[in-house]
Amino acid sequence: MTDEVLFEFLHMEMVSNVYKEQQSNKMQMDNKDRAACVSVLESMGFRVGQGLIERLTRDSPSFKDELDIMKFICKDFWTKVFRRQIDNLRTNHQGTYVLQDNKFTMLTQLSNGKQYLDHAPKHLAFSCGMVRGALSNLGLDSVVTAEVAVMPSCKFQVVIQKL
Amino acid sequence: MAVCIAVIAKENYPLYIRNVPTQNELKFHYTVHTSLDVVEEKISAVGKSLADQRELYLGLLYPTEDYKVYGYVTNSKVKFVIVVDSSNTSLRDNEIRSMFRKLHNSFTDVMCNPFHNPGDQIQSKAFDGIVSGMMMQTG
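In this convention, every chain numbers its residues from 1, walking through the sequence in written order. Working convention: letters from A go to chains and numbers from 1 go to ligands, in the order in which they are written. With pLDDT at 70 or above as the cut-off, local features in this predicted model cover only qualifying residues; side-chain atom pairs require 80 or more to be listed or tallied, and sums for whole chains, interfaces and linings still use all residues. For the side-chain quantities, the full set of heavy atoms in the structure was used; hydrogens and water were omitted.

A. Representation of the overall build of chain A in the model. A helix here means a DSSP run of H or I that spans at least four residues, while a strand means a run of E at least two residues long, and both kinds are numbered starting from the N terminus. Across its full length, chain A carries four helices and four strands. With respect to the principal axes defined by its C-alpha atoms, chain A has extents near 50 × 40 × 30 Å. Relative accessible area decides the class of each residue, using a 1.4 Å probe on protein chains only: under 20% of the type maximum gives buried, over 50% gives exposed, and in between gives partly exposed. Expressed as a percentage of the 163 residues in chain A, the buried residues total 46%. In chain A, the proportion of contacts linking residues at least 24 apart, taken out of those at least 6 apart, comes to 58%. Taking the average location of the 20 positive side-chain charges in chain A and that of its 19 negative ones, the two points are 2 Å from each other. Any pair of residues with heavy atoms lying within 4.5 Å of one another is described as a contacting pair. Charge counting treats Lys and Arg as positive and Asp and Glu as negative, with His and both chain ends excluded. Note that the charge is assigned to NZ on lysines, CZ on arginines, CG on aspartates and CD on glutamates.

Here it is as structure tokens:
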């Protein structure tokens with residue numbers, strides 16, 4: 001049980017460290033600084049996703065198509081990283097996927113109210129990057145964005161970039 | 001066992017290539033390069049056939065007079081190519097399979113190394129060791 005929270009703690013520290021570092025240079029943080037932090041976290045996640053998917057797909061048969069890959073992300077990948085599966089996967093069959101997690105691990109430690117809603121992005125950036133990294137290593141270039149309406153639930157929108 | 005082992009990136013440039021008789025290096029580069037077409041063919045065929053086995057191991061790519069060339073492709077579309085001497089008839093399909101397996105495991109470790117940049121040439125002692133081990137058994 002205890003080893004499950006280690007990633008959460010590390011993730012929290014990572015987020016706070018990146019923000020602290022950015023803030024140490026100035027007194028006030030503006031939107032540009034926040035975007036910089038998010039992009040730092042996102043690129044960290046990207047590298048982690050790249051490595052992780054290499055390891056997770058080692059024993060799985062090769063994928064049939066895009067949807068097959070997305071299902072793998074929703075089931076196996078999500079279970080390994082966040083210890084639960086995606087609750088709902090929707091697609092328009094044209095390269096856009098919406099992954100809904102009703103109890104996203106990185107947000108469960110935050111209050112359910114509206115109070116910290118604007119703090120959500122920094123806790124989602126790493127995960128977005130991780131999904132993007134995983135997909136990129138499987139040969140799909142994508143844009144991953146996250147959206148939070150009510151606190152522990154989260155929607156990830158994945159748009160596959162077609163050449 | 002193997003006379004040449006190569007790792008080729010998703011975009012078809014070499015990440016790693018080693019061969020045993022070092023004097024004929026260019027020839028092995030050619031052999032591996034030629035095999036890429038066959039690999040490509042096999043990958044694209046996987047999706048089409050209904051009863052596809054969807055395996056990572058691609059089997060014997062093509063035999064030449066002196067060598068047999070085997071291929072393997074990971075889910076991230078990185079290709080492994082092993083060239084074996086044709087005279088070595090004792091080598092079973094299973095053994096080739098397990099060689100690729102070992103290679104894949106070691107490659108995964110390289111990819112998960114935070115100091116390695118994905119897309120760069122592989123510079124890892126552990127990986128070198130695995131590859132050497134496969135070549136040593138030539139006898």
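B. Summary view of the pattern of salt bridges. By definition, a salt bridge exists where a carboxyl oxygen of Asp or Glu is found within 4 Å of a side-chain nitrogen of Lys or Arg. Counting across every chain of the model gives 10 salt bridges over all chains. For Arg-132 of chain A, the salt bridge goes to Glu-42 of chain A, with nearest N and O atoms at 2.8 Å. Taken together, the positions of Arg-132 of chain A in helix H4 (residues 120-137) and Glu-42 of chain A in helix H2 (residues 31-56) put the pair 90 residues apart, joining distant regions of the chain. As a salt-bridge pair, Arg-55 of chain A and Asp-109 of chain B come within 2.3 Å of each other at their nearest N and O atoms. With Arg-55 of chain A in helix H2 and Asp-109 of chain B in helix H2 (residues 93-112), this residue pair bridges two chains. For Asp-109 of chain B, a relative accessible area of 45% puts it in the partly exposed group. Each member of the salt-bridge network shares a partner with another, and the members are Arg-84, Asp-87 and Asp-101 of chain A.

C. Structural view of helix H3 (residues 125-136) of chain B. Residues and elements named next belong to chain B. Between its first and last C-alpha atoms H3 spans 16 Å; for 12 residues at 1.5 Å apiece the expected length is 16 Å, and the two agree. Considered for burial, the residues of H3 that qualify are Phe-127, Val-131, Met-134 and Met-135. Each buried residue of H3 sits inside an arc of 100° when the element is viewed along its axis, so together they form one side. Across H3 from its buried face, at more than 90 degrees, point the exposed residues Lys-125, Ala-126 and Met-136. Buried residues in H3 make contact with strand E1 (2-8), strand E2 (14-19) and H2. Its side-chain oxygen at 3.3 Å from the backbone nitrogen of Ala-126, Ser-124 defines the N-terminal cap of H3. For a helix, the expected span equals 1.5 Å multiplied by the number of residues minus one. Here the arc refers to the set of directions running from the helix axis out to each C-beta atom. We define a polar contact as two N or O atoms separated by no more than 3.5 Å, with the added condition that, inside protein, one atom must be a possible hydrogen donor and the other a possible acceptor, whereas residues neighbouring each other in sequence contribute only through side-chain atom pairs.

D. Structural detail: the interface of chain B and chain A. Tallying the contact residues gives 20 residues for chain B and 18 residues for chain A. Taken together, both faces of the contact between chain B and chain A bury some 1,700 Å²; the carbon and sulfur share is 45%. By buried area we mean the combined loss of accessible area, with a 1.4 Å probe, across both parts when two parts are placed together. A per-residue breakdown of the area chain B buries against chain A is headed by Arg-54, Asn-75 and Met-111 of chain B, which together make up 38% of the total. Between the two partners, chain B and chain A, sit 12 residue pairs in polar contact (both at pLDDT 80 or more). Charged residues are taken to be Asp, Glu, Lys and Arg, nonpolar residues to be Ala, Val, Leu, Ile, Met, Phe, Trp, Tyr, Cys and Pro, and polar residues to be all remaining types, Gly included. For the side of chain B that touches chain A, the residue count by class is seven nonpolar, eight polar and five charged.

E. Highlighting the packing of aromatic side chains. Residues and elements named next belong to chain A. Ring geometry is summarised as follows: Phe, Tyr and Trp rings, the Trp one being its six-membered ring, pair when their centres sit within 6.5 Å, and such pairs are stacked at plane angles under 30 degrees, edge-to-face over 60 and tilted between the two. Taken as a whole and assessed by the stated rule, the structure comprises 13 aromatic pairs over all chains. Ring plane angle 65° and centroid distance 5.3 Å describe the contact between Phe-63 and Phe-72, whose orientation is recorded as edge-to-face. For Phe-63, a relative accessible area of 16% gives the class buried. What makes Phe-72 buried here is its relative accessible area of 7%. Judged by centre distance (5.4 Å) and plane angle (70°), the ring pair of Trp-78 and Phe-156 falls under edge-to-face. Here Trp-78, found in helix H3 (residues 66-82), pairs with Phe-156, found in strand E4 (residues 154-160); they are 78 residues apart in sequence, far enough to count as distant. Accessibility classification places Trp-78 together with Phe-156 in one group, the buried group. Here the basic side chain of Lys-122 rests over the ring of Tyr-19, its NZ or CZ set 4.7 Å away from the ring centre. A ring is considered to have a charge above it if a Lys NZ or an Arg CZ atom is located within 6 Å of its centre and within 35 degrees of its normal.

F. Structural view of the sheet that holds E2 of chain B. Residue and element names in this part refer to chain B. In space, the five strands of this open sheet follow the order E2-E1-E5-E4-E3, with antiparallel pairing throughout. Of all the strands in the sheet, just E2 and strand E3 (57-63) have a single pairing partner and so form its edges. If you compare each strand with its neighbour and ignore which way they point, the axes differ by 15° on average. Here the rule is simple: two strands pair whenever DSSP picks up at least two bridges between them. By the bridge criterion, five bridges tie E3 to strand E4 (residues 67-73) in an arrangement that is antiparallel. Bridge pairing in E4 places Pro-63 opposite Lys-68. All axes here are fitted lines through C-alpha atoms, helices being fitted over the stretch that makes contact, and every angle between N-to-C directions spans 0 to 180 degrees.

G. The pairing of strand E5 (residues 79-85) of chain B, seen in detail. All names here are of chain B. Burial analysis of E5 places six of its seven residues in the buried class, the great majority of the element. Pairing of E1 with E5, which is carried by six bridges, proceeds in the antiparallel orientation. What sits directly across from Cys-4, in E5, is Val-83. Sheet topology note: the E4/E5 ladder contains seven bridges and is antiparallel. Bridge pairing links Lys-68 to Val-84 in E5. With antiparallel pairing between neighbouring strands as the criterion, E4 and E5 make up a hairpin whose turn holds five residues, including Lys-77 at a positive phi of roughly 65°.

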